[in-house]
Amino acid sequence: MHMVIYALVEASTHDDALATGKSVFDRLVGADPHAVAVFDYYVTFDEEDTSVAGKARWGELPTAVPVDSDDGQDLLERGWEATKEEFERNLNRVKEAIEEFSDEEIMRDEDLARHAFHQVGAYDGPSVFLYTQHASGIRHREQLDRILEESEDLWIVPSDVHF
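Every value quoted in this text rests on a predicted model; they were computed, and no experiment measured them.

Helices and strands together make up the secondary structure of the protein chain, namely six helices and five strands. Reading the secondary structure of the protein chain in the N-to-C direction produces β-α-β-α-β-α-α-α-β-α-β. The C-alpha atoms of the protein chain give 17 Å as radius of gyration, which agrees with the globular expectation for 163 residues (15 Å, within 12%). C-alpha extents for the protein chain along the principal axes are approximately 55 × 35 × 30 Å.

What follows covers a negative patch on the surface. Where like charges cluster on the molecular surface, the negative patch consists of E10, D68, E152 and D153. Residue position: D68 is located in the loop between β3 (65-66) and α3 (70-100).

Among the nonpolar cores identified, the biggest contains 21 residues, and I5, V24, F25, L28 and F39 are the most heavily contacted of them. Secondary-structure elements contributing two or more residues to this core are β1 (2-10), α1 (14-28) and β5 (154-162). With five residues, the single largest contributor to this core is α1. In this structure, F25 is in contact with I5, A7, Y42, T44, V157, P158 and S159, ignoring residues within four places of it in sequence. Grouped together as the second largest cluster of nonpolar side chains are 16 residues, Y6, L61, V67 and W80 included.

Let us now look at the packing of aromatic side chains. A full pass over the atoms with the stated rule returns two aromatic pairs. Between F25 and Y42, the ring centres sit 5.5 Å apart and the planes meet at 45 degrees, which makes this aromatic pair tilted. Of this pair, F25 sits in helix α1 while Y42 sits in strand β2 (residues 41-44); the two residues are 17 residues apart in sequence, bridging distant segments of the chain. For the pair formed by F25 and Y42, the shared burial category is buried. Between F39 and Y131, the aromatic rings sit 6.5 Å apart at their centres with planes inclined by 85 degrees, giving edge-to-face as the arrangement. On the criterion of sequence distance, the pair formed by F39 in the loop between α1 and β2 and Y131 in strand β4 (residues 130-131) is long-range, its members being 92 residues apart. The exposure class assigned to Y131 is buried, which follows from its relative accessible area of 0%. Against the face of Y123 rests R139, its NZ or CZ located 3.9 Å from the ring centre.

Procedures and definitions
- Residues numbered from 1 in each chain as written.
- Predicted model: local features only at pLDDT ≥ 70, side-chain atom pairs only at ≥ 80, totals over all residues.
- Heavy atoms only, no water.
- Helix = DSSP H or I, 4+ residues; strand = E, 2+ residues; numbered from the N terminus.
- Rg over C-alpha atoms; globule rule 2.2 N^0.38 Å.
- Patch = residues over 30% accessible without salt bridge, like charges linked within 9 Å, V, L, I, M, F, W, Y side chains within 5 Å.
- Areas by Shrake-Rupley, 256 points an atom, 1.4 Å probe, with all protein chains shown as cover.
- Salt bridge = Lys/Arg side-chain N within 4 Å of Asp/Glu carboxyl O.
- Lys, Arg positive; Asp, Glu negative; His and termini not counted.
- Charge placed at Lys NZ, Arg CZ, Asp CG, Glu CD.
- Core = buried A, V, L, I, M, F, W, Y, C linked by side-chain atoms within 4.5 Å.
- Buried < 20%, exposed > 50% of the residue type's maximum accessible area, 1.4 Å probe, protein only.
- Contact = heavy atoms within 4.5 Å.
- Phe/Tyr/Trp six-rings, centres within 6.5 Å; stacked < 30°, edge-to-face > 60°.
- Lys NZ or Arg CZ within 6 Å of the ring centre and 35° of its normal.

Written as structure tokens, this is what we have:
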């Protein structure tokens, strides 16, 4: 499956932001020797030679933009809303599982209940859409607000990832 994720990086130029964003995505796909792969591969929106990912799948998105620009605010909102919606969807599944299933049924992962528990607690992967420049998932609004307040030249870099 494919999804668009976003890296929030500090940079002084577009090229620096894109390069830093790609290093974040490299870590998330395990290209960095000290990183564990969370996604299978990624395609940034500056790549033209793919017919199944990036622009070919999602259309035109900026390659990297300052967060305080209109495009940057749009991408940030998309990433945060997707994270929030995925969390709420999984949390509702967890609540339903607790009401409907016995402990044994949850242990057996009846109706993917245990998977929903895992997704609610995930620090990265398909339920997290925003990442810091250190490839850490941004999981709650206070964390996002702190990054936005503390960063000088913050850029957002989107990428199509496969998982």
